[in-house]
Structure formats: structure tokens, C-alpha cells
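This is what each chain is made of:
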2 protein chains.
Amino acid sequence: MRAGKAPPSPALLIDLPKDGPGPLQTRLFEALRRAILEGRLAAEKPLPSTRALAEQLSISRNTVVAVYELLTSEGYIAGRQGSGSYVLPTIPDRFLAAPQSHTESGKKQVTRRKSRLAAELMSNAVASGKHVLFDPALAALEAFPIDLWSRLVAKHSRRLSRNALGYASPHGLLSLREAVAEYLRLARGVRCDPDQIFVVSGSQQGLNLVCAALLDPGAAVAVEDPGYPGARAAFRMARTHMTPVPVDDEGLNIAALQRAKHCQLAYVTPSHQYPLGVTMSLDRRLQLLDWAAKKHSWIVEDDYDSEYRYHARPLSSLQGLDRSDSVLFLGTFSKVLFPALRIGYLVVPKNLVPVMLRVREALDIFPSSLNQAALAEFITEGHFARHVRRMRVLYAQRQKWLLHSLERYASGWLEPGETGSGLHLAAFLKAGIKDTDVFYLAAERGINAKPLSQCYLGKKKRQGLILGFGGGDRASIFAAAEKLGKVIREVAKSEKTD
Amino acid sequence: MRAGKAPPSPALLIDLPKDGPGPLQTRLFEALRRAILEGRLAAEKPLPSTRALAEQLSISRNTVVAVYELLTSEGYIAGRQGSGSYVLPTIPDRFLAAPQSHTESGKKQVTRRKSRLAAELMSNAVASGKHVLFDPALAALEAFPIDLWSRLVAKHSRRLSRNALGYASPHGLLSLREAVAEYLRLARGVRCDPDQIFVVSGSQQGLNLVCAALLDPGAAVAVEDPGYPGARAAFRMARTHMTPVPVDDEGLNIAALQRAKHCQLAYVTPSHQYPLGVTMSLDRRLQLLDWAAKKHSWIVEDDYDSEYRYHARPLSSLQGLDRSDSVLFLGTFSKVLFPALRIGYLVVPKNLVPVMLRVREALDIFPSSLNQAALAEFITEGHFARHVRRMRVLYAQRQKWLLHSLERYASGWLEPGETGSGLHLAAFLKAGIKDTDVFYLAAERGINAKPLSQCYLGKKKRQGLILGFGGGDRASIFAAAEKLGKVIREVAKSEKTD
């Protein structure tokens, strides 16, 4: 833009067909996306405010807000409170035709790799931004024994010794590792010494630790398809190549895994597949272990919410069945206690302990000890087991409410999948309805129903919604389901008129 | 090894000349290293206990213990308490002639890259293992107001709200970012909004965040030579190529930087160069900023212990002088408060905020909030500033004791370098004395005097010792200096007889 010339009105730069096909918000999203990709909306320039654009286009401001949020979550634009939104210099490069220059017009640019990462992180960004149903990241925090926890933390903080102030082992606190080893042995059939356990700040750091220790850039990694976006972000950040392997009713399709190019590592969620919710059968577990033993590959078993199983005892972990030291077992207290605790654990085969110690140190030296001490006591004094038992009843009830409300408001439109465990379920949309359209319109109305299709890497994508029920009471679940049912019907109607 | 055959005694596998040149521990180290590299001591096989080997070789057990520790810290062997030491399957590959197979004899092997990392981490491993003088990682933890801190943590834990249990921003707690922004503005001339600050678990995570956000594998990075091993570990883990740039009395040699291959990023410690202790001159600061602006490169300014300056006010930070949004400023509370706090901060240019948010999330979602709240109050209530003032007096005194004791016990053998700031100083050995030999022998006698030569990447290495004075009182500093003086004389004597 030259001095003395006012910039053209952004509305003029956007080619929004007034009566085009599909819902308005989808068309606006596409129009803005095109304007950004084709450079009509330039990088690092401010976008009009949602109010201004709504006025210029004579449409509802809510529509513009929803579209801006989606553009943000997909990595096209960014916004800070109070200072408006602007176009990011890095565009998700899966949409880019030509490679992007590193130093364009004298401006430092982050490299293209980061923009891929940004796009990848869509679902997490959405998850952390909104505390509304049906965000699967929400748990029943109101049922957490917060007073008890506070007393424990206060007690341990008063007991803080001088020794506890200094550098500690990258392993994490021994008392916590002992408590976790005992819990995992009883509850999950995991067989390990406390020395094989590394305390991490959550599953995400655990995954990054695994990547840094075991995978070189370019390494081939098998991931479930559909699968967990957070894991994909870690594998992408490590510059590995992901091979999507389909999931069916028994879990990962091992035949497909065997047909695929050799992979150094397979990432699986056998207890409660994310997002489909299926449990890997015992037969598949044994086949997967056999594959790993024969191919000298690793398995990462992400056991993110196995504590909540409603119909039967959880199956034994892959780690407990492993006879070839192939399994790295990943768990977190974010789901079962609370996310802000920032404590998870990684259990590794004995021969990896020395390497993991060093890589853990290179990542961030060692974990903070105060919360670890409180957590160790929380577990050893039996509070943890009591809390899990109480929550299992509560979440089973919430899942029932969700199923009843979907039956009442979305029967015939939305078919729930597996319901045996966890804090969310996947539900499949009636043929012909696009889940992203439902997601956009629902988001406008304050509902976070993540589109299932976004969890696929491969070409074959099922259309559905990921519905978390951990964070809602009866009334809010029914109200959200009613809204969602209306949204789906509206989307179906507008898609028919296409 | 075949069934029915006892393994040969390890002592027989080691070729230790009884009266060879150099100190015994150096010869034993070399003999064991050769036995490992040549495969006489096989990977994953147990080593003899220190007691057994000492008896077999008729030498002191202390010598064997010191050599095992060094082999551990250099990544040749690993040991766990109680279960003995064994040879690691991954050997630091700078010592290997031929590339190592990934899957050797059907065993999974971690890749060669990790072994490089292991070797790289030598100094950190040593640092965290021993709480003895002159470990530069030690601080005067006995002077930290632990009761006040405990009260603050207890108070905030009692006030824990339900909202504080859930997912939070990858940015970190706003109240802490505001407190840090204000402190940095006053104390370091850093100009930033709280939005530009990311709370991290320490400098190490901050560096990994920078690498993940800005550098692709293969990117060229300029590092100070000699320089900080922790930073090198992060750059190595990110698979970047490091270009060592010499440091002189004014800090980084900018002429050398300009002659070097173009680097996307320069990592510097301008307030108190690690390990030499020099402060970068204002002229050099301006030249470095000019280089970054012209080359569109980034500067990481690691300000790890600038709080402790004894003779003059600290120079303004590079960040405060920067006019081209090139500087990322890294700080930590590990040195100035206590390491177990696990809180540091990264200040980034405004245009990097959106990308950093996402990469921070992909690293480990967000930092735990409890300690952040206590720390924010610790700063805003003035406890932090008071603590820094008290500690500055204390550390100045400790540095004087160290200088006096070196003068008394090592005059002519050890020449202290810069003493203007920080918690350690570098001291140069009399010509002809190898600092690694001093390190080994001193370690045997319970002194941790890191060899300066190990901080160099380039061929030109100065021989000296890195002496931390933060963790000792008068008596322990004088006692350690006396021992060190003797050690140096012994090494000099044995080297003369070579």
C-alpha cells in the first residue's frame, strides 16, 4: 500500500456470492480463504472488525464472528483481544500451490513447516478456547475434591525443604513414580519398575519426548485413521512421515498396517480409540505386538482416559502383554483429575531408560516437584481410587443423558458409535450432511461439536461429530442436544437446495 | 556368550599399562573407552562392579568410581543404583569410525543421533548429579525465603478455584506475565507487552520452543565458542547445524560472524557470557543487531543470570535496543530464585506471537498455574526485588572468597577471568596443563570443576576451569580451593613426566 492512498475496503476484496449454494457462513469462509490465498487480503494486514464486515456485507455479525474463529483455528488469521484480527504470514501449506519464500519483501517469515503445524493444531485451539458443550476436553471439574487437594498442596508447600528447591532428577519424584507404578500394575496390568516411569507435564510432552528420543526426521510412523490431532502435531513437529492406518470395530486394522511401508513406530489408543471410541480386541492386540516384535518397531500406547469404562473391566494394556520390550505406555492425570495439574507419565522399556533420561533433560531438565508430592499422597492415601469410582458413576450417567437427548432431538440424523468408555463419543451423520458445515453453524450458536472428518489423514473420511459429555449436567446436555438437532436439520435443508 | 561358558573377566579385556604416561584415572578411562569402542566390552552387558574391577586391577576403588562416572557422563555406559553399570548400545558417534546399524542382532537400537545428544549432555548430567563445589548450577538456596514462599503457595492453593483446574492459555498466567513485563522493563530495559511473554518451564524449554517455531532441520545457527552446553543440546536435538563463533573480551566476535556462512539465528549470552563471563560491549551489541536486521536473522538473547552484577549497572538488553524485531529474550527464575520452581519466560517479537502460541501448545499445551500465581504475588509484593538485592551482596562476598582462596592456593597455576557478574567464573590453567585431567582427578576428590575446553566446538580450545561460587560458604570455598590447588600441581607433575 502506498502512502497517501487509503486501502480498499476489504468487503470489495471478497467475492461473496449473495445467493450461492450452501450455508452463508461456509460461503463467507471460502470467500475469505480465497482472498487470503490469492493475496487480495495481504499478510500481516489487519482484517476489518467483525462488526464492520457484517455491516459492509449486510449479514449477521454472529456469522462473521464464527467464520473468523474458524479461520483462526485453521491457521489463516490470528487475533488478539482488543487489537483485531490480521492475516498470518504463514498459510497452511497444504492449501498452497507454490512453496513460500523464507524472506519475502524483507520480512522475516517463519518457515512453511510451522504453518503446517498451525493448521494441524486446529482442534486443540478450538478446545482450549471455549468451555462449552460438547467439547471433549471438558471434565466434571465441579466434582473434583478441590478442598482436599488444596489442603494437600498447602501441607506439602509448608514442608518444602531446602533440598527440594534444587535441581532434581529428570525422572520425576520417586514417591510419585512408586505410586503410579503400583496403580498401573493393579488397574492396567502394566508391568514396570518406578525407574521405567518418567513424570512429564502431560501426554503431549510425553509424545514429544518419545519423538526426540526414538525418531529421526523422515522416520515412518503409523497413526490411527481417524486419529488424535495432538499426537499428529507432535509427529509433524518431529518431521516424521505419517502413514494413516484405518480403524474398524476391533481397533487398528493390522492387515493394513502390515501392507503399509515399514513403520518404525505405531501410535495407538487401544483402550478407547480417539475419536471413534472403539476398544482394540485382544486378538488385534496380540497381532500388533507380534508385528512390533518381528519388525523391531515401537508401539506408543496412549491410555488417555481408560479409567472410565462403563460396561466391563478394562482390557489389559498392550504394555502388560508385551514380551519384546516394544511398548511405550503414555498416561495423563489431565482427564482423571484436572488439566491444570500438568502431570502425566511415560513408561518405557528398561533398555530405553538411559537415553530417555538424557532426552528428558534436554527437553526441560526435570518436572516441578511440589504438585508431584501432593499427587503421590493423593494416590497412596486412596483419594485417587475413590475419585475414579465416583466419577465413573457420574460420567456413565452423563453419557446416558447424552444418548437419551440425541435419541430425542437427533434421531435419524445422528447415530452414536461406541459408548463403552471415556468422556466422549463419536456420532455419525446421516448420509449427505457435511460435518464441517454442522460444526460451523453449531459454533455460531455456542456449541463445540468437532467434525469427525477433520480427524482423518487418508482420503476416506466419515462424516460425524465428536461429542464430549464430561463437562455438562443434565439440563445443559439436553439443551445443547436440542440446539444441535436443529442445526443438523438446517444444514441438511440448505445442502439439499444446493 | 554361549551357554555353559563363563564370560571372560572384564579385567582381562582391558589393556591397562601399569606404568603408562599420565594419571592413572586417565589411562583407565582410555583403556575402558577403547575396550567399548572395539567391542571387547559388549553393548548391554554388565560391567564389573567398581569394587571388583579395583580388586582385579589392584588400584583404588575411588579411581574406578571416578572413571565410571566420566564414562557415564560421556554416554559410554549407564548405571542404575543397585543394579550396576552396563555398556550403552549407543556410543557417542563422534568417536565411531563406521556408521552404526539401526537393528543390530535383532535388537532395537536408538538411532545414532541420540548418542550424539547423550555425549552433548555431559556437563548437565554431571551438574545435576553432584551437589559439591564448584558446580556452577548451585545457588545459595539456604538464603531463599522458604517460609514466605511456602505461605504464598499455601495461600494460593487454598484459593484454587474450579476455573483454575481446567485448560488454560499456552501463554501462561496473565498476572505473572504482567509482573514479568514490568520487572523486565525496569531491570533490563526490555520493551514488551505481557502478550509477548510466554511462560515456560525454564530456559531449556524456551530454547526448544524457539527451535520448534523458527528452525527447520539443517538450519544454520551461530553459537558462541566457548558456549553453553544446554543450548547446544537443544540446537542439536532440533537437527540444526551449529557454527561456532569465537568470543573475545568484548563478547561475540561480530567480524567472525559476518565472515561465517549465513546463519538464520545467533544464540548469545551478552549479559554474562557462558562460560567466560565477559559482558558484550555496547558497540558489539549494536553491530550484532545490525547484522540481524540486514540478514533477516534472529537473535536469541539468553539472560540467564544477569540479576547478579557486582561492579556496575547491567547494560541494557539487546531486546531493548532492537529496532527490527529480531530479538527473542530468554530468562529463568532457576538461578535467581530456585531451580525446582521450573518457571522461565520467553519474550518474542509481536509478529511471532500467534505462531509461538501454537507451537507452545504442541510442546506441552500450557504451564501449570499454581506456582505461577504464587510467583506473580512474590514479584508484585516486592519480595523478588528484595531477594535479588540481598543475594547480590551475598554472591559478591562469595566471589571474593573464591578469588582470595585461588590467590592463596593456586596462584600462578590458575588465572581468574572476568568477575563482573553471575554465579560462576572461568579461570585459565597454566600452559601445558590439561583441564580434563584436572577435572577427573578433582572429581575423585569430591570437587566439580568443569573443564573449559569441553565448552568449545571449534578447534581452538583454552584450558581452564568453570568455578561456581553460588553454593558455598567461606569455609567450604577455601577448603575446595586448597584441594583444587593440590590437584592442579599433581596433574602438572604427572604431565611433566610423560
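Thresholds applied
Residues numbered from 1 in each chain as written. Chains lettered and ligands numbered in written order. Predicted model: local features only at pLDDT ≥ 70, side-chain atom pairs only at ≥ 80, totals over all residues. Heavy atoms only, no water. Helix = DSSP H or I, 4+ residues; strand = E, 2+ residues; numbered from the N terminus. Buried < 20%, exposed > 50% of the residue type's maximum accessible area, 1.4 Å probe, protein only. Areas by Shrake-Rupley, 256 points an atom, 1.4 Å probe, with all protein chains shown as cover. Pairing = 2+ DSSP bridges. Phe/Tyr/Trp six-rings, centres within 6.5 Å; stacked < 30°, edge-to-face > 60°. Lys NZ or Arg CZ within 6 Å of the ring centre and 35° of its normal. pLDDT = per-residue confidence, 0-100. Contact = heavy atoms within 4.5 Å. Salt bridge = Lys/Arg side-chain N within 4 Å of Asp/Glu carboxyl O. Expected span 1.5 Å × (residues − 1). Arc of directions from axis to C-beta. Right-handed = clockwise from strand over helix to strand, strands pointing away. Axes fitted to C-alpha atoms, helices over the stretch in contact; angles between N-to-C directions. Disulfide = S-S within 2.5 Å. Left-handed = near helix turned anticlockwise from the far one by under 90°. Nonpolar A, V, L, I, M, F, W, Y, C, P; charged D, E, K, R; others polar.

Colleague: Help me get a handle on the overall build of chain A, residues and values and all.
Modeller: What chain A contains, in helices and strands, is 18 helices and 16 strands. Of all 498 residues assigned to chain A, the portion counted as buried reaches 62%. Accessible surface for chain A amounts to roughly 19100 Å². Of this, 52% is attributable to carbon and sulfur atoms.

Colleague: So what's going on with the sheet that holds strand β12 (residues 344-347) of chain B? Which residues, and what values?
Modeller: Pairing in this open sheet of 8 strands is mixed, and the strands run β5-β12-β11-β10-β9-β6-β7-β8 (chain B) from one edge to the other. Pairing within the sheet leaves two strands with one partner each, and these edge strands are β5 (197-200) and β8 (251-252) of chain B.

Colleague: Explain the packing of aromatic side chains residue by residue, including any values.
Modeller: For the structure shown, the criterion picks out 28 aromatic pairs over all chains. Aromatic pair A:F144 and A:W149: ring centres 6.3 Å apart, planes at 65°, arrangement edge-to-face. On the accessibility criterion, A:F144 (2% relative accessible area) is buried. Each residue in the set A:F144, A:W149, A:F338 and A:F378 is aromatic and connected to the rest through ring pairs, giving one cluster. In this arrangement the basic side chain of A:K430 is found over the ring face of A:W413, its NZ or CZ atom lying 4.4 Å from the centre. Geometry around B:F428 places B:R462 over its ring, the cationic atom sitting 3.6 Å from the centre.

Colleague: So what's going on with the confidence of the model for chain A? Residues and values would help.
Modeller: Residues and elements named next belong to chain A. Across chain A, the average pLDDT comes to 84, with 83% of residues at 70 or higher. Counting interchain partners and residues more than four positions distant, the pLDDT-below-50 stretch residues 1-8 has 3 contacts. Residue range residues 90-130 is modelled with pLDDT below 50. Its contacts to residues more than four positions away, or to other chains, number 104 contacts. Our summary of model confidence lists the complex with pTM equal to 0.77 and ipTM equal to 0.75.

Colleague: Describe in detail the environment of B:G468, supporting the description with residues and values.
Modeller: As for its position among the elements, B:G468 is in strand β16 (residues 464-468). Contacts of B:G468, omitting those with residues within four sequence positions, involve B:L133, B:F134, B:D135, B:P136, B:L423 and B:H424.

Colleague: Requested: an account of the pattern of salt bridges, with residues and values cited.
Modeller: Pairs can form between side chains of opposite charge whenever their charged atoms are close. Per the stated rule, a full pass over the model turns up 24 salt bridges over all chains. Across the pair B:K155 and B:E377 runs a salt bridge, and its minimum N-O distance is 2.7 Å. Linking B:K155 in helix α7 (residues 146-158) with B:E377 in helix α15 (residues 370-380), this pair joins segments that are 222 residues apart in sequence. Look at B:K155 and you get partly exposed, because its relative accessible area is 24%. When its relative accessible area of 17% is taken as the criterion, B:E377 is described as buried. Note that B:R284 and B:D248 form a salt bridge whose closest N and O atoms lie 2.9 Å from each other. With B:R284 in helix α12 (residues 282-295) and B:D248 in strand β7 (residues 241-248), the pair connects residues that are 36 residues apart, well separated along the chain. Three or more residues joined by partner-sharing salt bridges are found here, namely A:D248, A:E250 and A:R284.

Colleague: Run through helix α14 (residues 353-364) of chain B, naming residues and quoting values.
Modeller: All names here are of chain B. Taking 1.5 Å per residue, 12 residues should reach 16 Å; α14 reaches 17 Å between its end C-alpha atoms and fits that length. Among the 12 residues of α14, 11 are classified as buried, and the element is accordingly described as predominantly covered. I365 occupies a position one or two residues after α14 and carries a positive phi of about 70°.

Colleague: Please give an account of unusual backbone geometry that cites residues and values.
Modeller: Note: most residues except glycine have negative phi, and most peptide bonds are trans. All names here are of chain A. Here the amide bond leading from L133 into F134 is cis, since omega sits at 0°, within 30 degrees of zero. Positionally, F134 belongs in the loop between α6 (122-129) and α7 (146-158). Omega for the bond connecting Y274 with P275 falls within 30 degrees of zero, at 5°, which places this linkage in the cis form. Within the fold, P275 resides in the loop between β9 (265-268) and α12 (282-295).

Colleague: Go over helix α3 (residues 50-57) of chain A, please, and point to the residues and values.
Modeller: Residues and elements named next belong to chain A. Taken together, the buried positions of α3 are T50, L53, A54 and L57. Projected down its long axis, α3 carries its buried residues within an arc of 100°, all on one side. Taken from the residues just after α3, S58 is the one with a positive phi, measuring 55°.

Colleague: Explain the pairing of β9(A) to me, and be specific about the residues and the numbers.
Modeller: All names here are of chain A. Residues L265 and Y267 point to one face of β9 and A266 and V268 to the other, with burial holding for every one of them. As paired elements, strand β6 (residues 220-225) and β9 share 3 bridges and run parallel to each other. What sits directly across from V221, in β9, is L265. Sheet analysis places β9 next to strand β10 (residues 298-302), joined by 4 bridges and oriented parallel. Residue pairing for β10: A266 is matched across the bridge by I299. The β-α-β motif built from β9, the intervening α12 and the parallel element β10 has right-handed crossover chirality.

Colleague: If you had to explain the sheet that holds strand β13 (residues 414-416) of chain B to someone new, which residues and values would you point to?
Modeller: Residue and element names in this part refer to chain B. With antiparallel pairing, 4 strands are arranged side by side in an open sheet as β13-β14-β16-β15. Looking at the sheet topology across the chains shown, the edges are occupied by β13 and β15 (450-451). Direction of pairing for strand β14 (residues 424-429) relative to β16: antiparallel, over a ladder of 5 bridges. Directly across from H424, in β16, lies its bridge partner G468. Its contacts with the sheet place helix α16 (residues 383-410) against β13, β14 and β16, and it is angled at close to 155° to β13.

Colleague: So what's going on with the state of the cysteines? Which residues, and what values?
Modeller: Within the structure shown, the criterion is met by 0 disulfides over all chains. Unpaired in terms of disulfides, A:C263 finds its nearest cysteine sulfur in A:C211, a separation of 13 Å. By relative accessible area, which is 1% here, A:C263 ends up buried. Free of any disulfide, B:C455 has its nearest neighbouring cysteine sulfur in B:C211, separated by 18 Å. By relative accessible area, which is 4% here, B:C455 ends up buried.

Colleague: Outline the packing of helix α8 (residues 174-188) of chain A against helix α15 (residues 370-380) of chain A, supporting the account with residue identities and numerical values.
Modeller: Residues and elements named next belong to chain A. Direction vectors running N to C along α8 and α15 enclose 35°, while the axes themselves pass 8 Å from each other. Considering only the axes of α8 and α15, their crossing is left-handed. Between α8 and α15, the contacting residues are S175, L176, A179 and V180 on the first element and Q372, L375, A376, I379 and T380 on the second. The class makeup of the residues in the contact of α8 with α15 is 6 nonpolar, 3 polar and no charged.

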